[in-house]
Amino acid sequence: MKRRLASLCAGLAAISFVIAAPAAAQRETVLRVAMTAGDIPLTAGIPDQGFEGWRFVGYNLYDSLTLWDLSRSDVVADIRPGLATEWRIDPENNRRWLFTIRRDVRFHDGSPLTAADIVWNFDRFTKESAPQFNARQFAFARAYLGNFESAEVVDEYTVALTTRQPDSLFPYNVSFLMMVSPRRSAEVNHDADAFARNPSGTGPYRFGRMVPGERLELVRNPDYWDQARVPRHDRLVLLPMPEASTRTAALLSGQVDWIEAPAPDAIPRLRSSRMQVIAGHDPADPASATLPVPDFLSGLEDGVAGLRIGRPRHFYLEAEGVTPETIAALDRLADALADAGAIVEDVILPDYALFNACGRVILLSEAFAIHEQDLRARPQEYGEIFFMRLAVGAALSAADYMQAQRLRRELSEAVNRVALRQHDLLLTACALTPAPPFSAFPPDMPGPAQIQTMPFNVTGNPALSMPAGLSPEGLPLSAQLVGRPFEDALVLRAGRAVEKIVQGWGAPARAPGFT
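Below or above, wherever it landed, is the structure these notes cover. The structure displayed is predicted, hence computed values, not measured ones.

This part covers the packing of helix 11 (residues 324-339) against helix 16 (residues 488-505). At a minimum axis separation of 11 Å, helix 11 and helix 16 run at an interaxial angle of 115 degrees. As far as their axial angle goes, helix 16 and helix 11 are roughly perpendicular. At the point where helix 11 passes helix 16, the crossing takes the right-handed sense. Contacts between helix 11 and helix 16 pair A329, R332, L333, A336 and L337 from the former with V498, I501 and W505 from the latter. Classifying every residue of the contact of helix 11 with helix 16 by side-chain character gives seven nonpolar, no polar and one charged.

Another point: the nonpolar core. In this structure, L65, F99, F122, L161, L177 and L238 are the most contacted members of the largest nonpolar core, which totals 61 residues. Leave out the neighbours within four places in its chain, and L65 touches P81, G82, L83, A84, F99, I101, I118, F122, L161 and V174. Counting residues in each nonpolar core, the second largest holds 45 residues, with F315, A334, A404 and A479 among its members.

Before going further, it helps to examine the packing of helix 12 (residues 352-377) against helix 14 (residues 398-422). Relative orientation of the contacting elements helix 12 and helix 14 amounts to 140 degrees, with a least axis distance of 9 Å. Considering the angle they form, helix 12 stands oblique to helix 14. For helix 12 against helix 14, the interelement crossing comes out left-handed. In this structure, helix 12 uses L354, F355, C358, V361, I362, S365 and E366 to contact helix 14, whose residues at the interface are D400, Y401, A404, Q405, L407, R408, L411 and V415. Its residues placed into classes, the contact of helix 12 with helix 14 shows ten nonpolar, two polar and three charged.

Reading across the sheet, the five strands line up as 15-14-16-18-17 and stay open at both edges, with mixed pairing between neighbours. Where the open sheet ends on each side, the last strands, each with one partner, are strand 15 (343-346) and strand 17 (463-470). Each strand of the sheet is rotated relative to its neighbour by a mean of 30 degrees, with strand direction disregarded. Relative to strand 18 (residues 476-483), strand 16 (residues 425-429) runs antiparallel, the two sharing five bridges. Within strand 18, the position partnered with L425 by the bridge is G483.

The subject of this paragraph is the sheet that holds strand 7 (residues 148-155). A sheet is described by the order of its strands in space; here four strands give the open sequence 5-6-8-7, paired in antiparallel fashion. Both edges of this open sheet fall to strand 5 (84-89) and strand 7, since each of them pairs with a single strand only. The mean inter-strand angle of the sheet, taken between neighbouring strand axes irrespective of direction, is 20 degrees. Here strand 7 pairs with strand 8 (residues 158-163) via six bridges, running antiparallel. If you follow F148 over to strand 8, its bridge partner there is T163.

Right, let's get into helix 14. The first and last C-alpha atoms of helix 14 sit 36 Å apart over 25 residues, in line with the 36 Å expected at 1.5 Å per residue. Those residues of helix 14 that sit buried are A404, Q405, L411, S412, A414, V415, A419 and L420. Next to the buried residues of helix 14 lie helix 12, strand 16, helix 15 (454-459) and strand 18.

Quick notes on the rules
- Residues numbered from 1 in each chain as written.
- Predicted model: local features only at pLDDT ≥ 70, side-chain atom pairs only at ≥ 80, totals over all residues.
- Heavy atoms only, no water.
- Axes fitted to C-alpha atoms, helices over the stretch in contact; angles between N-to-C directions.
- Helix = DSSP H or I, 4+ residues; strand = E, 2+ residues; numbered from the N terminus.
- Parallel < 35°, antiparallel > 145°, perpendicular 65-115°, else oblique.
- Left-handed = near helix turned anticlockwise from the far one by under 90°.
- Contact = heavy atoms within 4.5 Å.
- Nonpolar A, V, L, I, M, F, W, Y, C, P; charged D, E, K, R; others polar.
- Core = buried A, V, L, I, M, F, W, Y, C linked by side-chain atoms within 4.5 Å.
- Buried < 20%, exposed > 50% of the residue type's maximum accessible area, 1.4 Å probe, protein only.
- Pairing = 2+ DSSP bridges.
- Expected span 1.5 Å × (residues − 1).

These values are about where atoms sit, not about what they do.
Right, here's the structure in full:
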């Protein structure tokens, strides 16, 4: 959790662009941000749109009892005081946490923050009989309140939060629970949608205006209790742009000032425009590699001439459910790569079933370990499909897990020290069938996934899944390119060659209803 938050604010592959201009006495300063989110995050408290929502809306409009200290990038982030200045376990009850509420904090509507407001918010998350209960916020909060039992006011600035079982991580969980204004909620008769249209929190920004699906504008809160976090600009404009090319174009044209995850082929142009690209080792993440970041684009157009490409055809030829269209597309692609100068050879890897079994055991064991307590205590709160997947992990033993990890090392050796010692890349199937239309999925239970990405999830090799043409019915077919560890640039180079090949094929006649 802490590692995830440490990288939350820094952002991998983020781009910042700051324009210095002479200050004008009455001129409003505006920071325009293109988010990777597909829509404007929910403004009613706990946001949606994943951690993009927390970063741009949740922690800007609101505060939680504890906050994350993101002031340094060279240490793992930890929690720090937020709306609570301190917290401790009740010496007489190890399930009862006592939080001291920060004084002199006001909501954006002017109402003062007290312990009663904290209890009101916890009732909003958890108590269905409370007039302010918000079912959507309950759904978002329950991942962090699975062990929560009750909240009570001790005095005006002390609140007691009791858990069902002793929980040393409870202060970390409350960092994701945004506190909203009871006064503003009452003004709209606790209508969740009306509150979201004019929210009130305690955060460093106040709500400005919103155009649904288009933009959210937040304005500086000069009275924010933490002066170090008072924004240095007057207005923050948030624009949802999920497409990398759209974000990049917006930055280059001056429509926005800051984006994340730019289109890779635009990086040279961004650099030439004096924009800073941020990537590389994260000192707060012990699993982050210390290797220098290569120039992924320098050889992107160099083609595949001279590259040795191994093809483990037995992976998909022997697979149950593989379609003739898939086999034909992969054969056609291999021939085209050979025509482009690559040396394409069949290669034998360990049986696909070993990779699949190894990956499943590790995945299900770790997933069950994470969810075990909740699965036993509250199984009815899990969806049927997810519950069935997790429950399989209960039948696996520690010995199973250790054997799978041992097998993982052996499989990695077979891929990297045998197949990829003799070859630069591997070419194999991604999906065994054309992509199915939505109408093919049962409404209650999706069918088994007909994809073969598990082997390289197990070994950790850089892998690129990409289109390999269309079936006669106009449905997408796919292939997978795999490289040696840290040779992502070579995988991208070959992927660019495949992209050009497939684009040159054109598209066969499409099935009715496909455009």
